[in-house]
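Structural features, examined
Chain residues, written in single-letter form:
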Amino acid sequence: MEKSKNKSLRAWEIAALMALSLALCAGTWAQSRQQSISSALVRLHVIAVSDAAEEQEIKLEVRDAVLAYLTPALENAENQQQARQIITENLEGIAEAAGAAAQGRQVSVTLSRESYPTREYEGFTLPAGRYESLRVILGEGEGKNWWCVVFPPLCLSAAEREEVQSVLNGEDLAIVTEEEGYVLRFRLVELWGELLNALS
């Protein structure tokens with residue numbers, strides 16, 4: 001009897017270790033994919049002073065001013081590193097463009113890593129996770145926000161697969177476009193990103 005009990009305990013321990021190993025492997029893979037996807041993009045995040053209709057309108061005017069300033073500057077960027085350098089060199093100009101459209105509201109402009117939820121665009125979906133982010137905060141930044149992908153430039157027109165394809169490798173592109181056979185992989189990356197967002 002005791003021998004049988006020990007055997008089933010060992011079987012349970014082996015099953016638990018296998019489940020833990022699978023979870024660790026899946027987490028490592030999801031982290032790698034999320035980092036690969038996020039390392040190719042720069043996102044834009046504009047946050048309004050409040051949810052008042054006037055403040056939401058001003059938020060969109062600020063967005064338009066920032067994009068009008070930044071889009072031509074990023075035309076020759078070939079990767080995220082170049083885009084980051086261009087944005088960093090132009091933070092003052094971006095702040096001035098945003099400030100001119102903000103109608104006297106305080107403007108804060110930073111480039112940093114930020115947590116994002118899953119976001120659907122035309123033709124692809126970006127999983128939750130941490131992304132390089134150009135943040136434009138108006139006043140106290142307590143209103144609804146607006147975001148898009150500023151590199152590659154997907155803010156001004158409908159996002160085309162070709163634009164995303166130019167900066168993502170084959171597996172990452174298959175994940176974000178949820179090609180056949182990749183839906184489960186997308187969900188795994190998405191869950192991992194949501195977990196990291198919750199922890200940060």
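Now for a look at the structure at hand.

Notes on the overall build of the chain
Counting its secondary structure elements, the chain contains seven helices and six strands. Listing the helices and strands of the chain from first to last along the sequence gives α-β-α-α-α-β-β-β-β-β-α-α-α. Looking at the chain as a whole, 40% of its 200 residues are labelled buried. In the chain, the share of contacts with a sequence separation of at least 24, taken over all contacts with a separation of at least 6, comes to 73%.

Quick look at helix α3 (residues 80–89)
Given 3.6 residues per helical turn, the α-helix brings residues three or four places apart onto the same face. For α3, every residue scored as buried is listed here: Gln80, Ala83, Ile86 and Ile87. Buried residues in α3, looked at end-on, bunch into an arc of 125°, giving them a common side. Exposed positions of α3 whose direction lies more than 90 degrees from the buried face are Gln81 and Glu89. In this structure asparagine 79 caps α3, since a side-chain oxygen of it lies 3.1 Å from the backbone nitrogen of glutamine 81.

A word on the nonpolar core
Grouped together as the largest cluster of nonpolar side chains are 27 residues, with contacts concentrated most on Leu44, Val62, Ile87, Leu134 and Val150. Within the residue set of this core, elements represented by two or more residues are β1 (42–47), α2 (53–73), α3, α4 (91–101), β2 (107–116), β5 (129–138) and β6 (145–151). Top element by residues in this core is α2. It accounts for five residues. Once residues within four sequence positions are removed from consideration, valine 62 is found in contact with Val46, Ala98, Ala101, Ala102, Val136 and Leu138. Core analysis: the second largest hydrophobic core is formed by 13 residues, Tyr116, Tyr121, Leu126 and Ile175 among them.

Brief notes about the packing of aromatic side chains
Any pair of aromatic rings gets described here by the distance separating the centres and the angle formed by the planes. In total, this model carries two aromatic pairs according to the counting rule given. Note on tyrosine 116 and tyrosine 131: the rings are 5.9 Å apart at their centroids and 85° apart in plane angle, and the pair reads as edge-to-face. Taken as a pair, tyrosine 116 in strand β2 and tyrosine 131 in strand β5 lie far apart in primary sequence, 15 residues in all. Here tyrosine 116 matches tyrosine 131 in class, with each residue buried. Here the aromatic rings of tyrosine 116 and tryptophan 147 are separated by 5.7 Å at their centres, their planes lie at 80°, and the arrangement is edge-to-face. With tyrosine 116 in strand β2 and tryptophan 147 in strand β6, the pair connects residues that are 31 residues apart, well separated along the chain. Exposure remark for tyrosine 116: the relative accessible area of 1% places this residue in the buried category. Assessed through its relative accessible area of 15%, tryptophan 147 is described here as buried. By way of ring pairs, the aromatic residues Tyr116, Tyr131 and Trp147 are connected into one cluster. Positioned above the aromatic ring of tyrosine 116, the side-chain terminus of arginine 43 is 4.0 Å from the ring centre. The ring of tryptophan 146 has arginine 63 sitting right over it, with the charged end atom 4.8 Å from the ring centre.

Section: the pattern of salt bridges
Tallied over the entire structure, the rule returns six salt bridges. Two residues, arginine 105 and glutamate 54, come together in a salt bridge whose shortest N-O distance is 3.6 Å. Of this pair, arginine 105 sits in the loop between α4 and β2 while glutamate 54 sits in helix α2; the two residues are 51 residues apart in sequence, bridging distant segments of the chain. Between aspartate 64 and arginine 63 there is a salt bridge whose closest N-O contact spans 2.9 Å. Salt bridges sharing common partners tie together Glu54, Glu55 and Arg105.

Observations regarding the pairing of β1
Taken residue by residue, a regular strand's side chains alternate between the two faces of the sheet. In terms of residue burial, β1 counts as a mostly covered element, since six of its six residues are buried. The side-chain alternation of β1 yields two buried faces, one formed by Val42, Leu44 and Val46 and the other by Arg43, His45 and Ile47. Note: β1 against β6, six bridges, orientation antiparallel. Pairing of histidine 45 across the sheet is with tryptophan 147, part of β6.

What counts, and at which threshold
- Residues numbered from 1 in each chain as written.
- Predicted model: local features only at pLDDT ≥ 70, side-chain atom pairs only at ≥ 80, totals over all residues.
- Heavy atoms only, no water.
- Helix = DSSP H or I, 4+ residues; strand = E, 2+ residues; numbered from the N terminus.
- Buried < 20%, exposed > 50% of the residue type's maximum accessible area, 1.4 Å probe, protein only.
- Contact = heavy atoms within 4.5 Å.
- Arc of directions from axis to C-beta.
- Polar contact = N/O pair within 3.5 Å; in protein donor to acceptor, adjacent residues only side chain to side chain.
- Core = buried A, V, L, I, M, F, W, Y, C linked by side-chain atoms within 4.5 Å.
- Phe/Tyr/Trp six-rings, centres within 6.5 Å; stacked < 30°, edge-to-face > 60°.
- Lys NZ or Arg CZ within 6 Å of the ring centre and 35° of its normal.
- Salt bridge = Lys/Arg side-chain N within 4 Å of Asp/Glu carboxyl O.
- Pairing = 2+ DSSP bridges.

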